[in-house]
Structure formats: structure tokens, C-alpha cells
Amino acid sequence: MKNLKIAIIGGGNLGSAIAKGLITADRVSPSNITITRRNLSAISHLSEFGVEFESNNPKAVAGAQLVMLAVKPYLIDEVAQEISPYVAPGTIVVSLAAGITSARVAAHFNQVLPVFCVMPNTAIAIGESMTFVSSFQATKEHEALVMDLFNQMGTALLIPEAQMAAATVLASCGIAYAMRYIRASMEGGVQMGFTAALSQQIVTQTVKGAAQLIAHSGNHPEAEIDRVTTPGGITIEGLNEMEHKGFTSSVIKGLMAAFNKVKNAK
Ligand SMILES: NC(=O)C1=CN([C@@H]2O[C@H](COP(=O)(O)OP(=O)(O)OC[C@H]3O[C@@H](n4cnc5c(N)ncnc54)[C@H](OP(=O)(O)O)[C@@H]3O)[C@@H](O)[C@H]2O)C=CC1
Ligand SMILES: O=C(O)[C@@H]1CCC=N1
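Residues numbered from 1 in each chain as written. Chains lettered and ligands numbered in written order. Predicted model: local features only at pLDDT ≥ 70, side-chain atom pairs only at ≥ 80, totals over all residues. Heavy atoms only, no water.

Caption draft 1: How the structure looks around the layout of surface pockets. Reported here for the second largest pocket is a volume of approximately 1,100 Å³. Tallying contributions element by element places helix α6 (residues 164-191) first for the lining of the second largest pocket, with five residues. Considering only residue class, the lining of the second largest pocket consists of 20 nonpolar, 13 polar and seven charged. Inspection of the lining of the second largest pocket shows a minimum of three residues originating in each of domain 1 (6-159) and domain 2 (167-263). (1 Å grid on protein atoms, 1.4 Å probe; cavity = no way out; pocket = protein on both sides within 12 Å on 5 of 7 lines; lining within 4 Å. Points joined across faces, edges and corners; volume = space filled by probe spheres on them. Helix = DSSP H or I, 4+ residues; strand = E, 2+ residues; numbered from the N terminus. Nonpolar A, V, L, I, M, F, W, Y, C, P; charged D, E, K, R; others polar. Domains from an automatic or database assignment.)

The structure is reproduced here in C-alpha cells:
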């Protein structure tokens, strides 16, 4: 694994996060990771990690055993076409583009290659991603390698590609939704008199504690809520007011709007 040569095409938000995650996991030598984008100065901060930079995609994929496509979905066809002649036989292709099928990516290559759709979230940079993987034209060995790689940077689950749209919304977009809850709570904290910095510290630790409570116990969130809500007490007053204002309904409606968007991606 240490010697696996990886090319990350598109060093933006996700591509850079994956590069950081790979280095932090220490399973791939930084010098074996090449990251590309047109404006290389925007990722110069990654040079401290020892990764290679390249603005030429064909050069980056030549010699790579695993190529990750981390450009925006509308650029996937163009970039796959561009690198196709330079990709060595047997190269594993990982597409990170939301809403793009593996068959569509595979069709751009002039040889049959193992293609994976992989949907991480930005917490991959710190090894805490919830990552979904689906495989196409791949052997069990390819699957094991890709799963092992992404399990080094959080939790990876192999799923049928048909579930990828829902997985994208719940876990990849989910980071943003969780952040919005955190931000809303912080604003409430400031209104109650905490500084923004202290409010952020309080909410961050509280959300972390809540996530870890259910992760450790396997309890349903409502069971943990029951432990907090004193009958006739303070917590239930706040919870019910949030529900009167449509909290659960808003979250589900937001998830479904995103789900419809990703299912109709072009
Ligand atoms: N952000 C997220 O949380 C997640 C994103 N994804 C998917 O990851 C992909 C990337 O998203 P994200 O990182 O947010 O987007 P960004 O725009 O941040 O990153 C894409 C990068 O691609 C670079 N790029 C554009 N054209 C080329 C090219 N021809 N060759 C090489 N690099 C190029 C751009 O840099 P420059 O202009 O300098 O070339 C840009 O930095 C998308 O397909 C998205 O669906 C999936 C899960 C989560
Ligand atoms: O918002 C987006 O389109 C991408 C896909 C998942 C997370 N970010």
C-alpha cells in the first residue's frame, strides 16, 4: 500500500482533503501522491506534506496505479477523455463526482478498467469520513484495496450503486447540514450571552458528545433524548418549540430536495 502510486485529478476542496487524509493515515508515501489542478498556487500549502504537484493531467496519471477524479461533475467527461490514452492497463479509476455513474466514467476509457464511485465527505482530511464505495468491472482484490484505502480515512461501506444518491445526501452533503445545526445553536448561545468563540466550543463538544453517545451505545437518538427530557422540564419545552417550527420536517424536506437534485444530475 505504501508504494501505491495515486494521482488525484482536481485538487479542490475534496481532492485536497483526500490528499491530507492519505498523508495523515500514513499508508501511502506522500511522494507517491500526485495532485493536479490548473491553478497550482492554490494548493501550494500542501507542499509541506511532501506530495507532488502537476498541472498536466496526462503526466500525473502516467505511472499511477490508482487515479481519483475529483473535478466537478460537469468536467468528468472531459477529464476522463483527456487522460484515457495515458492510463496504464489495470489502473483503478475512482470517481468522486456526485451523481455521475461508474458506467459513464468507464465508457471514456479505451480499455476495460475497474471503476469505483466513491462518496466521502470533507472529514476525510482528518480521518473521520463516512465514505461509500460502489464498484464496476472490479475484482474482489480491487474492492479490498479500495475499501482498505478509504477505511484508513474513516469508515467505508461497500454499497450497490443504486444507493449512491441517498448516501451522497446523507453523508457527503450531511456535513454541511450538521454544520448548519451547529451554527444555529451558536447563534442562540451568543444571544444568551456567550462569546461566539465560547459558544462554538460549547456546541462543538456537545454535538461530539451526542454523536459519541449513540455511536458507543447503539441506542436510538430518542432513547438518549428521553434521558435528558425531565417531565415538565426545560428540555422538552425547547424541543417541542423546535418541532412546532418544523425542525424535523425541515431537515427531511431539505434531504429530499438534495436527493432529487443528485438523482437528476447530468
Ligand atoms: N466538496 C465535497 O464535500 C464533496 C465533493 N464531491 C465531489 O467531488 C468533486 C469535487 O468537488 P469539490 O472539491 O467540492 O470542487 P472544487 O471546485 O473545490 O474542486 C475541483 C477542482 O478541480 C480543479 N480543476 C478544474 N478543472 C480541472 C482540470 N481540467 N484538471 C485538473 N483539475 C481541474 C479546480 O481547480 P483549478 O480551477 O485550479 O483547475 C478545482 O480546484 C465533485 O465532483 C463533487 O461532486 C463528493 C463528495 C463531497
Ligand atoms: O454539493 C455538492 O454538489 C457536492 C456533492 C456532495 C457534497 N458536495
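There is more to say, and it comes next.
Caption draft 2: Quick peek at the environment of L46. With respect to the helices and strands, L46 occurs in the loop between β2 (33-36) and β3 (52-54). Exposure remark for L46: the relative accessible area of 0% places this residue in the buried category. Taking the C-alpha atoms as reference points, L46 and H108, separated by 62 residues in sequence, lie 30 Å from one another. Not counting the four nearest positions on each side in its chain, L46 is found in contact with S16, A19, K20, I35, V51 and F53. (Buried < 20%, exposed > 50% of the residue type's maximum accessible area, 1.4 Å probe, protein only. Contact = heavy atoms within 4.5 Å.)

Caption draft 3: Quick look at the sheet that holds strand β4 (residues 66-69). As summarised here, the arrangement of the eight strands in space is β3-β2-β1-β4-β5-β6-β7-β8, forming an open sheet in which the pairing is mixed. Edge positions in the sheet fall to β3 and β8 (154-158), since each has one partner strand and no second. Each neighbouring strand pair of the sheet contributes to a mean axis angle of 25°, computed without reference to strand direction. Pairing geometry for strand β1 (residues 6-9) and β4, over four bridges, is parallel. Residue I8 lies in a different strand from β4, and its bridge partner there is M68. (Pairing = 2+ DSSP bridges. Axes fitted to C-alpha atoms, helices over the stretch in contact; angles between N-to-C directions.)

Caption draft 4: Seen up close, helix α3 (residues 76-83). Taken residue by residue, α3 has I76, V79, A80 and I83 as its buried positions. Along α3, the residues classed as buried sweep out an arc of 100° about the axis, all on the same side. The inward-facing, buried residues of α3 contact β1, α2 (57-61), β4, β5 (92-95) and α4 (102-106). (Arc of directions from axis to C-beta.)

Caption draft 5: Molecular detail of the packing of α6 against helix α7 (residues 196-217). Direction vectors running N to C along α6 and α7 enclose 135°, while the axes themselves pass 9 Å from each other. As judged from the angle between their axes, α6 and α7 are oblique. Once α6 is placed against α7, the crossing between them reads as right-handed. Where α6 approaches α7, its residues Y181, I182, S185, M186, G189 and V190 are matched on the opposing element by A196, S199, Q200, V203 and V207. Taken together, the residues of the contact of α6 with α7 sort by class into seven nonpolar, four polar and no charged. (Parallel < 35°, antiparallel > 145°, perpendicular 65-115°, else oblique. Left-handed = near helix turned anticlockwise from the far one by under 90°.)

Purely spatial values, then, with no claim about function.
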